[in-house]
Amino acid sequence: MTFFLQAQPAAAQPGGGWSMWVMLILIIVVMWFFMIRPQRKQQKELQKFRDGLKKGDKIVTIGGIYGTVAEIKEKTLLIEIDSNVKIKVDKNSVVKDFSEAQQQ
């Protein structure tokens, strides 16, 4: 003689679905406020810096090369990294040189 136990379905709590959606929306809002919003602000500042570059500005490439802007074109920069040593880099691969500001 065999007995089979039948599993009874779990009773759903009333209103349980709404609280799950509220928590999910709250998590998305918090993530946007603390992660996405500051990143967009930082990207806008970086783009503003790149658009405002002028000859003589000190910069660092994303590869870690320090130099001074020698010539600016629409999408590229000519950077002087030593006396009479210049390299051509993409404008999107440069950031501001903060090394002098930290030393002061």
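1. Structural notes on the overall build of the chain
Okay, step 1: Looking only at helices and strands, the chain has two helices and five strands in total.
Okay, step 2: Along the chain direction, N to C, the helices and strands of the chain fall in the order α-β-β-β-β-β-α.
Okay, step 3: For the chain, the residues scored as buried account for 16% of the 104 residues in total.
Okay, step 4: Look at the contacts in the chain between residues 6 or more apart in sequence, and 29% of them connect residues 24 or more apart.
Okay, step 5: By element, 60% of the accessible surface of the chain is carried by carbon and sulfur atoms, the whole surface being about 9300 Å².

2. Quick word on the pairing of strand β1 (residues 58-61)
Okay, step 1: With three bridges connecting them, β1 and strand β2 (residues 66-72) associate as antiparallel partners. When the sheet's bridge partners are listed, I59 is paired in β2 with G67.
Okay, step 2: Hairpin connection from β1 to β2: four residues lie between these consecutive antiparallel strands, with G64 at a positive phi of about 95°.
Okay, step 3: Note: β1 against strand β5 (residues 94-96), three bridges, orientation antiparallel. Looking at the pairing, V60 lines up with V95 of β5.

3. Details of the sheet that holds β2
Sheets are built from strands paired through backbone hydrogen bonds, the pairs being either parallel or antiparallel.
Okay, step 1: On the basis of which strands lie adjacent, the open sheet formed by five strands has the order β4-β3-β2-β1-β5 and antiparallel pairing. The open sheet has two edge strands with one neighbour each: β4 (85-90) and β5. Here the strands of the sheet are splayed against their neighbours by 50° on average, with no regard to which way each runs.

Scoring rules and cut-offs
- Residues numbered from 1 in each chain as written.
- Predicted model: local features only at pLDDT ≥ 70, side-chain atom pairs only at ≥ 80, totals over all residues.
- Heavy atoms only, no water.
- Helix = DSSP H or I, 4+ residues; strand = E, 2+ residues; numbered from the N terminus.
- Buried < 20%, exposed > 50% of the residue type's maximum accessible area, 1.4 Å probe, protein only.
- Contact = heavy atoms within 4.5 Å.
- Areas by Shrake-Rupley, 256 points an atom, 1.4 Å probe, with all protein chains shown as cover.
- Pairing = 2+ DSSP bridges.
- Axes fitted to C-alpha atoms, helices over the stretch in contact; angles between N-to-C directions.

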